[in-house]
Amino acid sequence: ILKKDAGPHPPIEELRRLALANLAGVEVQVQKVELEGLTFYAVHSSYFACEKLLDEAFLKRMHAQLGAQLMAAAVPEKGGLFLADAVAGGDAIVGFLAIARGVYEKNEGGRQISPTVFLVSDGTLVGVATTTASMPGSATMAPTSSPVRTSGNRFPTSVRRAGAVSTTQATWLR
């Protein structure tokens, strides 16, 4: 924690480097979850599991494990990260969006973070997947210049109770 009266602080770039190096040392468990028509991975068993979304080396290993160039990633609550193949099929990504929103909305223990589903390529956040009711059954991509910024111990029980989502739109980051 940085305090105003503690004197000069290291530059923000140094603080980021130190934080990412610390994050690389965080051990997590990865659990394969297979539901009807959807397979995803739940990263858990550490309070900082959701922060693994910022661990480029970890995400690259997960790209290889999933066999996916583009991954969908969600951090609906503290202590968990969900990862799936973002191009496994329209119904699969729609289901993944529903699961992320369902876990977020269930709000087990006040640990909500975000219902947002991010897109990851080569270990780096590159976009955001969203739902749109205006084009049922389709998936589209749209560029954006908006940057993505992101800030446990159990696998949520609410994945089976996630609500329905009609379609997907992915927004790419530059």
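Quick caveat, the model's predicted, so the values are computed rather than measured.

S.K.: If you had to explain the pairing of strand 5 (residues 117-121) to someone new, which residues and values would you point to?
M.R.: With respect to burial, strand 5 is a largely interior element, 4 of its 5 residues being buried. Sheet topology note: the strand 3 (residues 70-74)/strand 5 ladder contains 5 bridges and is antiparallel. When the bridges of strand 5 are listed, Ala73 appears paired with Phe118. Sheet topology places strand 5 next to strand 6 (residues 124-131); 5 bridges connect them, and they run antiparallel. Following the sheet pairing, Phe118 is matched in strand 6 by Val128. Connecting strand 5 to the antiparallel partner strand 6 that follows it, the hairpin turn spans 2 residues, and Asp122 within it adopts a positive phi of roughly 50°.

S.K.: Just give me the short version of the confidence of the model for the protein chain, but keep the residues and values in it.
M.R.: When pLDDT is averaged across the protein chain, the result is 78; 74% of the residues are at 70 or more. Overall, residues 135-174 carries pLDDT values under 50, and its contacts beyond four positions in sequence, including any with other chains, amount to 111 contacts.

S.K.: How would you sum up helix 2 (residues 56-66)? Please name residues and give values.
M.R.: Within helix 2 the residues assigned to the buried category are Phe58, Leu59, Met62, His63 and Leu66. Taken end-on, helix 2 shows its buried residues confined to a sector of 145°, consistent with a single buried face. Summarising the geometry of helix 2, the exposed residues directed more than 90 degrees from the buried face are Arg61 and Ala64. Gly67 occupies a position one or two residues after helix 2 and carries a positive phi of about 70°.

S.K.: Explain the nonpolar core to me, and be specific about the residues and the numbers.
M.R.: Across soluble globular proteins, you tend to see nonpolar side chains buried next to one another. In this structure, Phe40, Phe82, Phe96 and Val117 are the most contacted members of the largest nonpolar core, which totals 22 residues. Of all elements in the fold, only strand 2 (38-44), strand 3, strand 4 (81-85), helix 3 (90-106), strand 5 and strand 6 reach the threshold of two or more residues within this core. No other element matches the 8 residues that helix 3 contributes to this core. In contact with Val117, not counting residues within four places along its chain, are Ala72, Ala73, Ala74, Phe96, Leu97, Ala100, Val128 and Ala129. Among the nonpolar cores identified, the runner-up in size contains 19 residues, and Tyr41, Ala49, Cys50 and Ala73 belong to it.

S.K.: Tell me about the packing of aromatic side chains, residues and numbers included.
M.R.: Inspection of every chain in the model, using the stated rule, returns 3 aromatic pairs. Between the aromatic rings of Tyr47 and Phe48, the centroid separation amounts to 5.2 Å while the plane-to-plane angle is 90°, which identifies the pairing as edge-to-face. Aromatic ring contacts, followed pair by pair, group Phe40, Phe82 and Phe96 into a single cluster. Above the plane of the ring of Tyr47 lies Lys78, whose end atom (NZ or CZ) is 4.3 Å from the centre.

Conventions and cut-offs
Residues numbered from 1 in each chain as written. Predicted model: local features only at pLDDT ≥ 70, side-chain atom pairs only at ≥ 80, totals over all residues. Heavy atoms only, no water. Buried < 20%, exposed > 50% of the residue type's maximum accessible area, 1.4 Å probe, protein only. Helix = DSSP H or I, 4+ residues; strand = E, 2+ residues; numbered from the N terminus. Pairing = 2+ DSSP bridges. pLDDT = per-residue confidence, 0-100. Contact = heavy atoms within 4.5 Å. Arc of directions from axis to C-beta. Core = buried A, V, L, I, M, F, W, Y, C linked by side-chain atoms within 4.5 Å. Phe/Tyr/Trp six-rings, centres within 6.5 Å; stacked < 30°, edge-to-face > 60°. Lys NZ or Arg CZ within 6 Å of the ring centre and 35° of its normal.

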